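Survey of secondary and tertiary structure
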Amino acid sequence: VLLAEKLGRFQAQLSPSGIDQVEVEYAGEVSEIEVAPITIAVLKGLLESVSDHVNMVNAPVVAQERGIRVIESKASRPDDFASCVTVRVRGVQDRLIAGAVFHGGQPRIVRIDDFMLEAIPEGPTLFLQNRDQPGVVGTVGSLLGEEGINISRMQLALVRERQEAAMLINVDALPGAAVVERLRAIPHMIAVQLVEL
């Protein structure tokens, strides 16, 4: 449930407007249990940025009021994990985020669109997409260091066919708008998004 809420929260911040449909797919062991509360947690995370009063009780009603169609599906076997939850939103922009709970109960984000990674969804987080070129990771680290922002975790991912890379960076303090703009100005940078998990 905690993972599902964070996946919904992440989706809401990556796709802040124009969500028409939410698809939640359960694969592996999780598909064998009652998933309704998990889907509701996804909706709560997705909608809490647009409504101060959304909770586990009224999240489905708030989604319905906003015209968001919710689809649940189950698959018997995930590709790489004992259990996996995938949340795809459709609308102005289609986005896919998948998560898994590793042994010990630690939730992880394991996929963002085509990028495969293994990241802990926690606190202020930067999601960066860039052309796969030497020096980008070092430039990002140096820039954040200059701004006094400590990196607590960093996960890298690559889609070799498109020569695109992604970074999911957990930071100790929420970067301001000026820092985000400096990151966007780095050569070979495609997109920079700040999310609070």
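So, about the pairing of strand 7 (residues 124-131). For strand 7, the buried fraction is high: seven of the eight residues fall into the buried class. In terms of strand pairing, strand 7 meets strand 10 (residues 189-196) through seven bridges, oriented antiparallel. Each residue of the ladder has a partner; that of Asn 130, found in strand 10, is Met 189. Bridge count for strand 7 against strand 9 (residues 164-171) is seven bridges, and the pairing is antiparallel.

What follows covers the packing of aromatic side chains. Counted by the stated rule, this structure contains two aromatic pairs. Summarising the aromatic geometry, the rings of Phe 10 and Phe 127 are spaced 6.4 Å apart at their centres and angled 90° between planes, so their arrangement reads as edge-to-face. A residue pair is termed long-range when its members are at least 10 positions apart, and Phe 10 in helix 1 (residues 2-14) and Phe 127 in strand 7 qualify at 117 residues. Phe 10 gets classed as buried once you look at its relative accessible area, which sits at 0%.

Quick notes on the rules
- Residues numbered from 1 in each chain as written.
- Predicted model: local features only at pLDDT ≥ 70, side-chain atom pairs only at ≥ 80, totals over all residues.
- Heavy atoms only, no water.
- Buried < 20%, exposed > 50% of the residue type's maximum accessible area, 1.4 Å probe, protein only.
- Helix = DSSP H or I, 4+ residues; strand = E, 2+ residues; numbered from the N terminus.
- Pairing = 2+ DSSP bridges.
- Phe/Tyr/Trp six-rings, centres within 6.5 Å; stacked < 30°, edge-to-face > 60°.

Nothing here speaks to function; it is all geometry.
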